[in-house]
Amino acid sequence: MSGSLNPTALVRLLGSWNSGALPAYRELADVVRLLVMDGRIPLDVALPSERALAQTLGLSRTTVTAAYASLREQGFLTAGQGSRGRTCIPHRTAPVSAPGLAVPEGLLDLAYASLPAAGEVVHRAFADALTELPALLPGFGYEAVGVQALREAIADKYTAEGVPTTPGQILVTSGAQHALNIVLRTLAGKQDRVMVEHPSYPNALDAIRAAGCKPLPVALPLIQSSTSPAWDIDAMVATMNHQRPAVAYLVPDFHNPTGRIMSDLQRRRLTRAATASGTILVVDETLRGLNLDGVRTAPMSAYSPAVVSIGSLSKSHWAGLRTGWVRADEALIARFVSTRTVMDLGGPVVEQLAAARLVRSFAEPLDARLEELRNNRETLLGLLSEHLPEWDVERPRGGLTVWCRLPTPCSTALTMLAPDFGVRLAAGPRFGVGGAFEHYLRVPYTLPAAQLEFAVGALRAAQNKLDASPHLRRTLKSARPPAVAVA
Ligand SMILES: Cc1ncc(COP(=O)(O)O)c(C=O)c1O
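Residues numbered from 1 in each chain as written. Predicted model: local features only at pLDDT ≥ 70, side-chain atom pairs only at ≥ 80, totals over all residues. Heavy atoms only, no water.

1. Section: the sheet that holds strand β9 (residues 308–312)
Spelled out, the test is: Two strands make a pair as long as DSSP finds a minimum of two bridges between them. Counting from the N terminus, the helices are the DSSP runs of H or I reaching at least four residues and the strands are the DSSP runs of E reaching at least two. Throughout, an axis means a line fitted to C-alpha atoms (over the contacting stretch in the case of helices), and angles, computed between N-to-C directions, take values from 0 to 180 degrees.
On the basis of which strands lie adjacent, the open sheet formed by seven strands has the order β4-β10-β9-β8-β7-β5-β6 and mixed pairing. Both outer strands of the open sheet, β4 (170–173) and β6 (214–219), are each paired with one neighbouring strand and no more. Sheet twist, expressed as the mean angle between neighbouring strand axes with direction ignored, is 20 degrees. Both strand β8 (residues 280–284) and β9 contribute to a ladder of three bridges, which runs parallel.

Listed below in C-alpha cells is the structure:
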C-alpha cells in the first residue's frame, strides 16, 4: 500500500500515548513504532507533516521533529523528502558496521569499546616527532612497508617479549583492521574458509565476509569455574583437521568480546595442530596490552614462526593514531606489501614517527590506564550484579568489555529499545555468524563510573520494558537493529 496518513487518523491510532514517564518525543516515537510493527499503521504510508501533527497534538514542532528523527534512526521511517518520511520496517539482514555513523546526540555509546587518548603522552610524542621530521623530508615520503624507526621499535618490542624479530618482519599499517584486510586478501582466496572463535570481533567477521571467505565458527566453551578452559582446543583441532581452513583468525589475548586469555598450554597445542593441518594462524593482539590481572603468557608467535601477528596502538594509546602492524616472516611481509600497495601506498610519516616513540616507551601510559580500567571493571560488575541479577556475567581477565548472557534471547530487542533510555548498544548477533548470540550482550567498561551507572540504569529500564511485554519482545526480535559502528 502507499498513501498518506492524516493527522487526525494518526492521533486516533495513538490513543493515550503520553504517560509522562519519558520525554514526549520518545514516547511518541515508541508508540508509532509499535503501531507500525503491529500493522495498525501500514507500511509505505507518508506520516503527517511535522507541523500538522504538532498542531493536532498540541505539541511543539521540535518534539515531533525529534520523534521522527528517532524513527528514522531506527529504520522505521524513510529519509523521504522534507518531513514526509514513509513508514518502513528495518530489514533483517546481517547488519554491518557503518564507520563514521554519528552517534545521535545525547546517547551514551556502548557499541564502541574504546578509550580517549592517553593525551599527554600522545601529544608529547607528536611534538617530538616534528623535530625528527626534517631528516625525512628529502625522501619521497612513500613508506609502503613503514617508516624504519617504527619498524625497529615494533621489532624490538617483540624481541623483548621473547620473540626475536627483525624490522624486516614488520609491516606498518593504518590500524589492525587494515592489517587484517591485507592479510586476508593475501592468504585467503574467495570461498576459502576462515576459522573464527564464536563469538568474535564484528569488524573482523565483516572483513572475512568482504574478502569473499566463509567464516567457520568454533564456539568458545561456557566457563563453569575458574579452572574451565577458555577455548575448546579439541574442537578447533578437529575443525582444522576436517575442514582445512586456509586461515584461522583468533584473539587469544583478552578476546573481544569476552576478555578471555588463552593459556600457554592451549597456545602450544593450537600452533602444533595448525602446522600439521596447514592452517595459518592470524592472531590479533590489539588488546594484549590491556592485561588487567597481570596474567603472564607468551605471544602466540613464540610457539611457531608461521604465526602471523597483528597489533595496534588503538587500545593501548589511542584509536586516532590509526597505527597498527603485521609481524610475519620476511617472505610473507613482501607479499603483504604487494597487496597493500593496491589499496594505498603507505601511512603518513609524522604519525609513524610519533608511534615509534610510543612503542619505545609502550608501558608509559599503561599503568594509569590499567588502574582506571580495573576500577571501571569492578564498578560495572558491581552495578550489573546489583541491578541485573538475572544476567549471567563473565568476569573478563583484560580488554575492555564484559560479555553478558541474558535470561531470554532478547539482545536485538534490547538494542532497539536502548536509545529510548539514552544508550546505544551493539546487539549480540553482531559478534556471531548466522544470527547467533541473541542471548548475549557486550557491555564496555570504558566509561567513567557515573556514566556506567547511567548505562546500567538504562539497561535495567529497557529490560523491564521487555519483561512487561512478551509481545513487544517478539516483535522487536524479528526487526533489524539499526546499523551501528562497533569497535
Ligand atoms: C580485537 C580487535 N581487533 C582490531 C580492532 C581495531 O583496531 P584498529 O583500530 O587498530 O583498526 C579492535 C578494536 O576494537 C579490536 O578489538
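Alright, that's what it looks like, and here's the rest.
2. Some remarks on the packing of aromatic side chains
As a reminder, the rule being used: In summary, the pairing rule links any two rings of Phe, Tyr or Trp, Trp by its six-membered ring, whose centres are within 6.5 Å, and it sorts them by plane angle into stacked for under 30 degrees, edge-to-face for over 60 and tilted for everything else. By definition here, charges over rings are those cases where NZ of Lys or CZ of Arg is within 6 Å of the ring centre and within 35 degrees of the ring normal.
Using the criterion set out here, one finds four aromatic pairs in the structure. With a centroid separation of 5.6 Å and an interplanar angle of 70 degrees, the aromatic rings of Trp-403 and Phe-437 are classed as edge-to-face. Taken together, the positions of Trp-403 in strand β12 (residues 401–405) and Phe-437 in the loop between β13 (423–424) and β14 (440–444) put the pair 34 residues apart, joining distant regions of the chain. Feature note: the residues Trp-403, Phe-431, Phe-437 and Tyr-440 constitute an aromatic cluster, connected by ring pairs. A cation sits over an aromatic face here: Lys-157 above Phe-362, 4.2 Å from the ring centre.

3. Some points on the layout of surface pockets
Condition: The rule is simple: put a 1 Å grid over the protein atoms alone, call a set of points where a 1.4 Å probe fits but cannot get out a cavity, call an open set with protein on both sides within 12 Å along at least five of seven lines a pocket, and count a residue as lining if it has an atom within 4 Å of a point. Grid points are joined across faces, edges and corners, and a volume is the space filled by probe spheres set on the points. Residues were grouped as follows: Ala, Val, Leu, Ile, Met, Phe, Trp, Tyr, Cys and Pro as nonpolar; Asp, Glu, Lys and Arg as charged; and all remaining residues, including Gly, as polar. Domain start and stop points were drawn from an automatic or database domain assignment.
A volume near 720 Å³ is recorded for the largest pocket. Along the walls of the largest pocket sit 31 residues, with Leu-222, Ile-223, Arg-260, Glu-394 and Arg-395 positioned nearest its centre. Of all the secondary-structure elements, those providing two or more residues to the lining of the largest pocket are α10 (264–277), β11 (392–393) and β12. Tallied by class, residues from the lining of the largest pocket come to 14 nonpolar, nine polar and eight charged. The residues that make up the lining of the largest pocket include at least three from each of domain 2 (108–117 + 366–477) and domain 3 (119–360).

4. Some words on helix α5 (residues 119–136)
Applied cut-off: Expected helix span is computed as 1.5 Å times (number of residues minus one). Bend is the name given here to the angle between axes fitted to two runs of seven residues, the run ending at a residue and the run starting at it. Only protein chains enter the calculation, and the probe is 1.4 Å; a residue is then buried if its accessible area is under 20% of its type maximum, exposed if over 50%, and partly exposed in between. The contact criterion used is simple: two residues touch if any of their non-hydrogen atoms lie within 4.5 Å.
Spanning 18 residues, α5 covers 26 Å between terminal C-alpha atoms, matching the ideal 26 Å at 1.5 Å per step. Of all bends in α5, the biggest is about 35 degrees, found at Leu-130, and the proline Pro-134 comes one to four residues later. Those residues of α5 not exposed but buried are Val-121, Val-122, Ala-125, Ala-129 and Leu-133. Structurally, α5 contributes buried residues whose contacts are with α12 (349–360).

5. Some words on the sheet that holds β11
Read from one edge to the other, the open sheet built from three strands follows the order β11-β12-β14, with strand pairing classed as antiparallel. Since the sheet does not close on itself, it has two edges, and those belong to β11 and β14, each with one partner. Of the pairings in the sheet, the one linking β12 to β14 comprises five bridges and is antiparallel in character. What sits directly across from Val-402, in β14, is Val-443. Contacts from helix α13 (residues 366–387) reach β11, β12 and β14 within the one sheet, and its direction differs from that of β12 by about 20 degrees.

6. Some thoughts on empty space enclosed by the protein
Per the stated rule, a full pass over the model turns up three cavities of 30 Å³ or more. What the second largest cavity holds in volume is close to 40 Å³. Around the second largest cavity sit Arg-26, Ala-29, Asp-30, Arg-33, Ser-70, Leu-71, Gln-74, Phe-76 and Asp-420, which together line it. Where the lining of the second largest cavity is concerned, the elements lending two or more residues are α2 (24–37) and α4 (61–73). It is α2 that contributes the most residues to the lining of the second largest cavity, four residues altogether. Within the lining of the second largest cavity, the residues separate by chemical class into three nonpolar, two polar and four charged.

7. Notes on the state of the cysteines
In protein chemistry, a disulfide is the covalent bond that joins the sulfur atoms of two cysteines. The condition that has to hold: What counts as a disulfide here is a pair of cysteine sulfur atoms lying within 2.5 Å.
Per the stated rule, a full pass over the model turns up zero disulfides. Cysteine Cys-410 shares no disulfide, and the gap to the nearest cysteine sulfur, in Cys-404, comes to 11 Å.

8. Here we look at the site of the ligand
Rules: We call a residue near a molecule or strand when any one of its heavy atoms sits within 4 Å of it. Any pair of nitrogen or oxygen atoms within 3.5 Å is treated as a polar contact; in protein, a donor-acceptor pairing is required on top of that, and neighbouring residues in sequence qualify only through side-chain atoms on both sides. Only the protein chains shown count as cover for residues, with accessible areas throughout obtained via the Shrake-Rupley method and a probe of 1.4 Å.
Taken together, 14 residues surround the ligand, and among them Ala-176, Asp-284, Ser-312, Ser-314 and Lys-315 come closest. Here a nitrogen atom of the ligand sits 2.6 Å away from a polar atom, N or O, in the side chain of Asp-284. Arg-322 has a polar side-chain atom sitting 2.9 Å from an oxygen atom of the ligand. Contact with the protein chains removes 95% of the 400 Å² of surface that the ligand exposes when unbound. For the shell around the ligand, a count of residues per class yields five nonpolar, six polar and three charged.

9. Remarks on the packing of helix α3 (residues 50–57) against α4
As a reminder of what qualifies: Angles are sorted into four bins: roughly parallel if under 35 degrees, roughly antiparallel if over 145, roughly perpendicular if 65 to 115, and oblique for all others. Helix crossings fall into two classes, left-handed where the near helix is turned counterclockwise from the far one by less than a right angle and right-handed where it is turned clockwise.
Contact pair α3 / α4: the axes reach a minimum separation of 8 Å and the direction vectors enclose 120 degrees. Here α3 is positioned oblique relative to α4, judged by the angle of their axes. Judged by the twist between their axes, the crossing of α3 over α4 is right-handed. Residues Glu-50, Arg-51, Leu-53 and Ala-54 of α3 lie in contact with α4, whose contacting residues are Arg-61, Val-64, Thr-65 and Tyr-68. Residues of the contact of α3 with α4, tallied by class, amount to four nonpolar, one polar and three charged.

10. A closer look at the pattern of salt bridges
Any two side chains of opposite charge can pair, on the condition that their charged atoms come close. Selection rule: Whenever a carboxyl oxygen of Asp or Glu lies within 4 Å of a side-chain nitrogen of Lys or Arg, that contact is scored as a salt bridge.
What the rule picks out here adds up to 26 salt bridges. Taking the shortest distance from any N to any O, the salt bridge between Arg-460 and Glu-390 comes out at 3.0 Å. You can see Arg-460 sitting in helix α15 (residues 449–468) and its partner Glu-390 sitting in the loop between α13 and β11, a full 70 residues away along the chain. Given the relative accessible area of 19%, Arg-460 is considered buried. By relative accessible area, which is 32% here, Glu-390 ends up partly exposed.

11. Some remarks on the domain arrangement of the chain
We apply this condition: Once two parts are put together, the accessible area they lose, assessed with a 1.4 Å probe and summed over both, is termed the buried area.
Domain annotation for the chain reports domain 1 (3–73), domain 2 (108–117 + 366–477) and domain 3 (119–360). With seven residues of domain 1 at the interface, the matching set in domain 2 holds 11 residues. Across the interface of domain 1 and domain 2, roughly 780 Å² is buried in total on both sides, 51% from carbon and sulfur atoms. Joining domain 1 to domain 2, the criterion identifies two salt bridges. Where Lys-465 meets Asp-30, a salt bridge forms, and the shortest distance between an N and an O atom there is 2.1 Å. At the junction of domain 1 with domain 2, the criterion picks out three residue pairs in polar contact (both at pLDDT 80 or more). Each residue belonging to the side of domain 1 that touches domain 2 can be placed in one class, and the counts come to three nonpolar, no polar and four charged.

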